[in-house]
Amino acid sequence: MIKAEKFSDEISKAEVLVEALPYIKKFAGSIAVIKFGGNAMKDSQIKSMVAKDIVLMKYVGLNPVVVHGGGPDINKMLTSLNIETKFVNGLRVTDEKVMEIVEMVLVGKVNKEITSLINKIGGKAVGLSGKDANLLLADKDLSQGDLGYVGKLINVNKEVILNLIEKDYIPVIAPCAIGKDGKTYNVNADMAAGKIASSLNADKFVLLTDVEGILKNKEDEESVISRLSYNEAKGLLNSEFITGGMIPKLKCCIQALEDGVKRAHIIDGRIPHALLLEIYTDKGVGTMIAKEVYDNDNL
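Every value quoted in this text rests on a predicted model; they were computed, and no experiment measured them.

J.: For the environment of Val-150, give the residues involved together with the corresponding values.
T.: Locating Val-150 in the fold gives a position in strand E7 (residues 150–156). Taking the C-alpha atoms as reference, Val-150 lies 29 Å from Tyr-169; in sequence the two are 19 residues apart. Setting aside residues up to four positions removed in sequence, Val-150 forms contacts with Leu-91, Arg-92, Thr-94, Asp-139, Lys-140, Asp-141, Tyr-185 and Asn-186.

Laid out in structure tokens, this is it:
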């Protein structure tokens with residue numbers, strides 16, 4: 001007993017590894033698509049932790065595919081150039097000049113920062129634009145009217161991603177797509193990540209957000225709903241529980257499940273090592289949505 005007390009910290013760490021074992025075994029060789037955004041992109045310490053989580057996931061057999069946004073960086077660049085930013089229902093009005101800036105920031109800055117960070121930590125990341133090898137093909141999105149070069153994905157060239165995974169690389173994808181007209185289109189990163197996840201039949205689709213997950217009580221951050229079935233999630237869409245920016249994120253998860261993804265997760269990117277806690281522990285830290293959910297099932 002004395003010896004156990006002496007090594008209590010080490011024993012606690014070993015217990016965490018033991019708890020992770022069935023998840024490591026379950027997901028070895030499978031694919032997890034991770035939407036990297038929100039505060040996880042703004043805070044350098046958390047950004048580094050997310051990158052470490054991604055590299056560790058790769059080392060223990062899960063194949064991460066990273067899709068990132070970059071809204072704050074785009075806004076900052078547009079402001080510095082005195083270019084006004086307009087949004088319609090969360091979609092950026094994107095004329096030719098704005099699209100040029102969006103592509104420059106997403107592909108030339110944010111994508112390379114994430115790729116370099118993963119490589120520095122010990123991963124093998126490859127940065128991609130949706131235009132590379134026609135990875136992401138888009139049509140103009142007219143759902144909110146003509147907003148310029150705003151696209152909706154119609155095809156993912158999954159062979160590019162699968163070839164990289166086969167060679168043990170971690171794909172890092174900027175959601176700038178190529179149109180059938182040869183033009184570049186800005187695609188919502190959440191929707192792009194969901195479409196990529198479904199094209200790969202991913203076991204996991206993870207949205208890193210700025211909130212704890214789906215809450216039973218909007219005023220109580222501790223009231224996270226840990227697990228939802230597909231039908232329960234659809235039922236919540238028009239309820240008082242789901243408001244604001246959570247609506248499109250939940251719709252994105254539901255669509256991914258309908259298109260073949262096995263598990264969708266909405267987690268708080270501000271929590272250190274949120275990815276590992278959600279995927280490799282019994283309780284998790286956010287909300288998991290699956291076609292069927294059973295008690296004590298995080299697999």
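J.: Give a detailed account of the packing of helix H4 (residues 44–59) against helix H6 (residues 96–121), specifying residues and quantitative values.
T.: It is the contact of H4 with H6, at a shortest axis distance of 9 Å, that shows an interaxial angle of 60°. Relative to H6, the element H4 lies oblique. With respect to the hand of their crossing, H4 and H6 are arranged in right-handed fashion. Along the contact surface, H4 presents Lys-47, Ser-48, Ala-51, Lys-52, Ile-54 and Val-55, while H6 presents Glu-113, Leu-117, Ile-118 and Ile-121. For the contact of H4 with H6, the residue count by class is six nonpolar, one polar and three charged.

J.: Describe the pattern of salt bridges, listing the residues and the values that go with them.
T.: What the rule picks out here adds up to 10 salt bridges. For Glu-103, the salt bridge identified is with Lys-131, shortest N-O distance 3.0 Å. Of the two residues, Glu-103 sits in helix H6 while Lys-131 sits in the loop between strand E5 (125–129) and strand E6 (136–140), which places them 28 residues apart along the sequence. With relative accessibility at 22%, the residue Glu-103 sits in the partly exposed group. Classification of Lys-131 as partly exposed rests on a relative accessible area of 30%. A salt bridge links Lys-234 to Glu-258, with the shortest nitrogen-to-oxygen separation between them at 4.0 Å. With Lys-234 in helix H9 (residues 230–236) and Glu-258 in helix H10 (residues 246–258), this pair connects stretches of sequence that are 24 residues apart. Classification of Lys-234 by relative accessible area gives partly exposed; the value is 40%. Sharing partners across several salt bridges, the network here consists of Lys-47, Asp-73, Lys-109 and Glu-113.

Quick notes on the rules
Residues numbered from 1 in each chain as written. Predicted model: local features only at pLDDT ≥ 70, side-chain atom pairs only at ≥ 80, totals over all residues. Heavy atoms only, no water. Helix = DSSP H or I, 4+ residues; strand = E, 2+ residues; numbered from the N terminus. Contact = heavy atoms within 4.5 Å. Axes fitted to C-alpha atoms, helices over the stretch in contact; angles between N-to-C directions. Parallel < 35°, antiparallel > 145°, perpendicular 65-115°, else oblique. Left-handed = near helix turned anticlockwise from the far one by under 90°. Nonpolar A, V, L, I, M, F, W, Y, C, P; charged D, E, K, R; others polar. Salt bridge = Lys/Arg side-chain N within 4 Å of Asp/Glu carboxyl O. Buried < 20%, exposed > 50% of the residue type's maximum accessible area, 1.4 Å probe, protein only.

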